[in-house]
Amino acid sequence: MSISFQKAFGMHPEAMVIREKRTQVLAENIANADTPGFKARDIDFQQALAHAQHRQGRSVARTHEKHFHIDSSVRKELQYRNPDQPDTGDGNSVDIHRERNLFMQNDLAYRTSLQFLDGRITSLKKAVKGQ
């Protein structure tokens, strides 16, 4: 009996890749909160995940038939954010409070997926060992 990791893990590996990239984008926003002219960016997580699901559904060239294909390209989902606050005169659109909240929410979702995968791997190990 074979184990399908894609069925066992679902979209969590792809979601974690997208969340990791979103963490980078949000950290860049926070780091550039005082940079004149910097425009806040974000990744549309739902759109990126839907795109990842679409990519998983089609066949692609791989070096071996049993290799996973996880394409972490999120360029289309990376967008500039519309500011909620009025321009302060320097052209910077970063709202530091919003960025910190989004960063913490993204981190929580990443950790949740990580805990799910850890539990799933533990269950698969037990199944393989016959426990």
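Computed from a predicted model, the values in this text were never measured in an experiment. (Residues numbered from 1 in each chain as written. Predicted model: local features only at pLDDT ≥ 70, side-chain atom pairs only at ≥ 80, totals over all residues. Heavy atoms only, no water.)

Here's the deal with the overall build of the protein chain
Along the backbone of the protein chain there are 4 helices and 2 strands. Reading the protein chain from its N end, one meets helices and strands in the order α-α-β-α-β-α. Counting across all 131 residues of the protein chain, residues that qualify as buried make up 27%. Taking the contacts inside the protein chain whose residues are at least 6 apart along the sequence as the reference set, 77% of them involve residues at least 24 apart. Carbon and sulfur atoms make up 52% of the accessible area of the protein chain, which totals about 9200 Å². (Helix = DSSP H or I, 4+ residues; strand = E, 2+ residues; numbered from the N terminus. Buried < 20%, exposed > 50% of the residue type's maximum accessible area, 1.4 Å probe, protein only. Contact = heavy atoms within 4.5 Å. Areas by Shrake-Rupley, 256 points an atom, 1.4 Å probe, with all protein chains shown as cover.)

Examining the environment of F45
Looking at the element boundaries, F45 is found in helix α3 (residues 45–57). F45 sits 61 residues away from N106 along the chain, and the two C-alpha atoms are 9.7 Å apart. Excluding its chain neighbours within four sequence positions, the residues that come into contact with F45 are A15, I18 and R19.

Section: the UniProt feature "domain: Flagellar basal body rod protein N-terminal" (unreviewed entry) in the protein chain
Per the UniProt record, "domain: Flagellar basal body rod protein N-terminal" (unreviewed entry) is annotated on residues 19–39. Measuring from the first to the last C-alpha atom of residues 19–39 gives 20 Å, for a span that is 62% helix and 0% strand. (UniProt positions renumbered as here; feature names shortened; annotations may be inferred.)

Things to note about the packing of aromatic side chains
Summed over the entire model, instances satisfying the criterion amount to 0 aromatic pairs. For the cation-ring pair, R19 lies above F45, with the distance from its terminal atom to the ring centre recorded as 3.6 Å. (Phe/Tyr/Trp six-rings, centres within 6.5 Å; stacked < 30°, edge-to-face > 60°. Lys NZ or Arg CZ within 6 Å of the ring centre and 35° of its normal.)

Digging into helix α4 (residues 96–129)
Taking 1.5 Å per residue, 34 residues should reach 50 Å; α4 reaches 49 Å between its end C-alpha atoms and fits that length. Of all the positions in α4, only E99, L102, N106, S113, L117 and L124 are classed as buried. In the segment just after α4, G130 is the residue with positive phi, at about 80°. (Expected span 1.5 Å × (residues − 1).)

Looking at the nonpolar core
By size, the foremost hydrophobic cluster in this structure holds 8 residues: A15, I18, V25, I43, F45, A48, L49 and A52. Breaking this core down by element, the ones donating at least two residues are α2 (12–31) and α3. In terms of residue count, α3 provides more of this core than any other element does, 4 residues in total. Grouped together as the second largest cluster of nonpolar side chains are 5 residues, A8, F9, M16 and L124 included. (Core = buried A, V, L, I, M, F, W, Y, C linked by side-chain atoms within 4.5 Å.)

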